[in-house]
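Residues per chain, in single letters:
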Amino acid sequence: MPLWLSESDVRAVLPMAELIDAMEAALIAFSAGRVVQPVRTVFGIRERCFFGLMPALDSDASILGAKLVTVIPENTAKGLDSHQAVIVLFDPACGALLAVTDGRYITEARTAAVSAVSVRHMARSDARVLAILGSGVQARSHLVALPLVRDFREVRAWSPNPARLREFVAGRNVTACDSAERTVRDADVVVLATSSITPVIDDAWVAPGTHVIAVGACRYNHRETDPRLVARALVVVDSRAAAMQEAGDILLAIEDGCIDSGHVHAELGEVASGTKSGRQDAAQITLFKSLGLAIEDVVSADLAYRRALTAGRGMLVSQ
């Protein structure tokens, strides 16, 4: 019988520290060519609203599954999350359904875990100031994940929505800033986690040695970054193939004439495995453009499934 895992079940069995290591292994497997994963299928529901299908197979790890996800930015005004998702796991040996897991929290957590992998391998070892642009789900998850790989002494945040910014910093050791510029200036790690489709950061604000993580814009015509910053940085992506189809931060910088397609230095899995170099000196600006990979979702779901079986979590569903 397949196992149904609710969001509360997934949260209970998926600790962030363990997820970071799982995401690093998944990225390495993907970049080494051990994963079967087409670029996700995405179509519009209406303006700025999308449905996506994301399948993946890792034969070596016996993991097969797919995520179905909707992105509805207007949900936030209704008190709902913009990303809603479900992940299904199958037995690759016989094709039987193993589990159906809530994918909303997995999407939230694995995105931040992958960003933490980028910080582990690309940020300066002495990074102490974290800047977060955004105040939603990804701002919260990154605030959990990134301090697990660097000892941040100061965290700053800014959001275009003052009410949500106040809510985000309340009860947390985070300083609310009145502008994006003030948040970013002299920060060591900068997270762009907004719903903006136009740049929210200016190249001039970014100091030498900064590591920038861009997670918000995930369509070919959307971007959060200044193209001059993209041109100045060592750029790493999760998937070259996906970046060349979906990453507006890169594609629009190419269209602007700031870079060419060869500007992407590596995939994060290549950097994590040591196949490609990461940061080359303390003054270099590094940029990780995250789109999210199906293998990240199915590996996360598989980890939750295995932990849930051990812990007795979830509900078996008769067929």
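Coordinates for the structure precede this section.
Every residue gets a number counted from 1 within its own chain, in the order that chain's sequence is written. Only residues with pLDDT of 70 or above have their local features reported here, since the model is predicted, and side-chain atom pairs are shown and tallied only from 80 upward, although totals for entire chains, interfaces and linings are computed over all residues. Values reported for side chains reflect all heavy atoms of the structure, with hydrogen atoms and water molecules removed beforehand.

### Quick word on helix H2 (residues 16-31)
Then comes step 1: Between its terminal C-alpha atoms H2 stretches 22 Å, which fits the 22 Å expected from 16 residues at 1.5 Å a residue.
Then comes step 2: Exposure categories follow from relative accessible area, calculated using a 1.4 Å probe and restricted to protein chains: below 20% of the type maximum is buried, above 50% is exposed, and the middle band is partly exposed. Numbered from the N terminus, helices here are DSSP runs of H or I no shorter than four residues, and strands are runs of E no shorter than two. Listed as buried for H2 are Met16, Leu19, Ile20, Ala22, Met23, Glu24, Ala26, Leu27, Ala29, Phe30 and Ser31.
Then comes step 3: Buried residues along H2 sit against strand E3 (49-58), helix H3 (104-122), helix H4 (137-145), strand E13 (264-267), helix H10 (268-273) and helix H11 (294-311).
Then comes step 4: One or two positions beyond H2, positive phi appears at glycine 33, with a value near 85°. The span one expects for a helix is its residue count, reduced by one, times 1.5 Å. Any two residues whose heavy atoms approach within 4.5 Å at even a single point are treated as in contact.

### Here we look at helix H5 (residues 162-169)
Then comes step 1: Among the residues of H5, Leu165, Phe168 and Val169 are the ones counted as buried. Considered in projection along H5, the buried side chains sweep an arc of 85° and stay on one side of the axis. Residues of H5 that are exposed and point more than 90 degrees away from the buried face comprise Arg166 and Glu167.
Then comes step 2: Looking at the packing, one finds that the buried side of H5 touches strand E7 (129-133), H4, strand E8 (154-158) and strand E9 (175-176).
Then comes step 3: Pairing of N or O atoms within 3.5 Å defines a polar contact, subject to two protein rules: one partner must be a possible hydrogen donor and the other a possible acceptor, and residues neighboring in sequence count only if both atoms are side-chain atoms. Here H5 starts with a cap whose side-chain oxygen sits 3.2 Å from the backbone nitrogen of alanine 163, and that cap is asparagine 161.
Then comes step 4: Phi turns positive one or two residues past the end of H5, at glycine 171, with a value near 75°. Note that the arc is computed from the directions linking the helix axis to the C-beta atoms.

### Describing the sheet that holds strand E5 (residues 83-90)
The strands that make up a sheet are held in pairs by hydrogen bonds between backbone atoms, and each pair lies either parallel or antiparallel.
Then comes step 1: Strands sit in the order E2-E3-E4-E5-E6-E1-E15 across an open sheet of seven strands; the sheet is mixed. Single-partner strands in this sheet number two, and they are strand E2 (41-46) and strand E15 (315-316).
Then comes step 2: Note on geometry: axes are C-alpha line fits, over the in-contact stretch for helices, and angles between N-to-C directions span 0 to 180 degrees. H3 rests against E3, strand E4 (63-71), E5 and strand E6 (97-102) of the sheet, and its axis sits at about 95° to E5. At least two DSSP bridges between two strands are required for those strands to pair.

### Section: the side chain of glutamate 267
Then comes step 1: Tracing the chain through its elements places glutamate 267 in strand E13.
Then comes step 2: Residues scored as positive are Lys and Arg, those scored as negative are Asp and Glu, and His as well as the terminal groups of each chain are ignored. For this analysis, a salt bridge means a side-chain nitrogen from Lys or Arg found within 4 Å of a carboxyl oxygen belonging to Asp or Glu. Despite its burial, glutamate 267 remains without a salt bridge, the nearest opposite charge being carried by arginine 240 at 4.2 Å.
Then comes step 3: A distance of 2.7 Å separates a polar atom in the side chain of glutamate 267 from a polar atom in the side chain of serine 31.
Then comes step 4: When near neighbours in sequence (up to four residues on either side) are disregarded, glutamate 267 contacts Phe30, Ser31, Val236, Val237, Asp238, Ser239 and Arg240.

### Considering the sheet that holds E7
Then comes step 1: Read from one edge to the other, the open sheet built from eight strands follows the order E9-E8-E7-E10-E11-E14-E12-E13, with strand pairing classed as parallel. Single-partner strands in this sheet number two, and they are E9 and E13.
Then comes step 2: Of the strand pairs in this sheet, strand E12 (residues 234-237) and strand E14 (residues 286-289) are connected by four bridges, and their pairing is parallel. Bridging across to E14, valine 235 finds its partner in leucine 287.

### Here we look at the packing of H2 against H11
Then comes step 1: Where H2 meets H11, the axes come as close as 9 Å, and the angle between the chain directions of the two elements is 135°. When the interaxial angle is binned, H2 and H11 end up oblique. For the crossing formed where H2 meets H11, the hand is right-handed. Between H2, through Glu18, Leu19, Ala22, Met23, Ala26, Leu27 and Phe30, and H11, the contact on the second element is made entirely by Ile295, Glu296, Val299, Ser300, Leu303 and Arg307.
Then comes step 2: Within the contact of H2 with H11, the residues separate by chemical class into nine nonpolar, one polar and three charged. Orientation is classified from the angle alone, with under 35 degrees giving roughly parallel, over 145 giving roughly antiparallel, 65 to 115 giving roughly perpendicular, and any other angle giving oblique. Should the near helix be turned counterclockwise from the far one by less than a right angle, the crossing is left-handed, whereas a clockwise turn marks it as right-handed. Residues are grouped as follows: Ala, Val, Leu, Ile, Met, Phe, Trp, Tyr, Cys and Pro are nonpolar; Asp, Glu, Lys and Arg are charged; every other residue, Gly included, is polar.

### Observations regarding the side chain of serine 118
Then comes step 1: Mapped onto the elements of the fold, serine 118 is located in helix H3.
Then comes step 2: Look at serine 118 and you get buried, because its relative accessible area is 0%.
Then comes step 3: Excluding residues within four positions of it along the chain, serine 118 makes contact with Ala123, His211, Ile213, Leu268 and Phe288.

### Concerning the nonpolar core
Nonpolar side chains tend toward joint burial in soluble globular proteins.
Then comes step 1: The nonpolar core is taken to be a set of buried Ala, Val, Leu, Ile, Met, Phe, Trp, Tyr and Cys residues, with the residues joined through side-chain atoms within 4.5 Å. With 69 residues, the main nonpolar core has Leu146, Val189 and Ile295 as its most contacted residues.
Then comes step 2: Ranked by residues supplied to this core, first place goes to H3 with ten residues.
Then comes step 3: Discounting residues that sit within four places of it in the chain, valine 189 has contacts with Val119, Ala123, Ala127, Val129, Leu130, Ala131, Leu146, Phe152, His211 and Ile213.
Then comes step 4: If you look at the next biggest cluster of nonpolar residues, it comprises 30 residues, including Ala187, Leu192, Val235 and Ile250.

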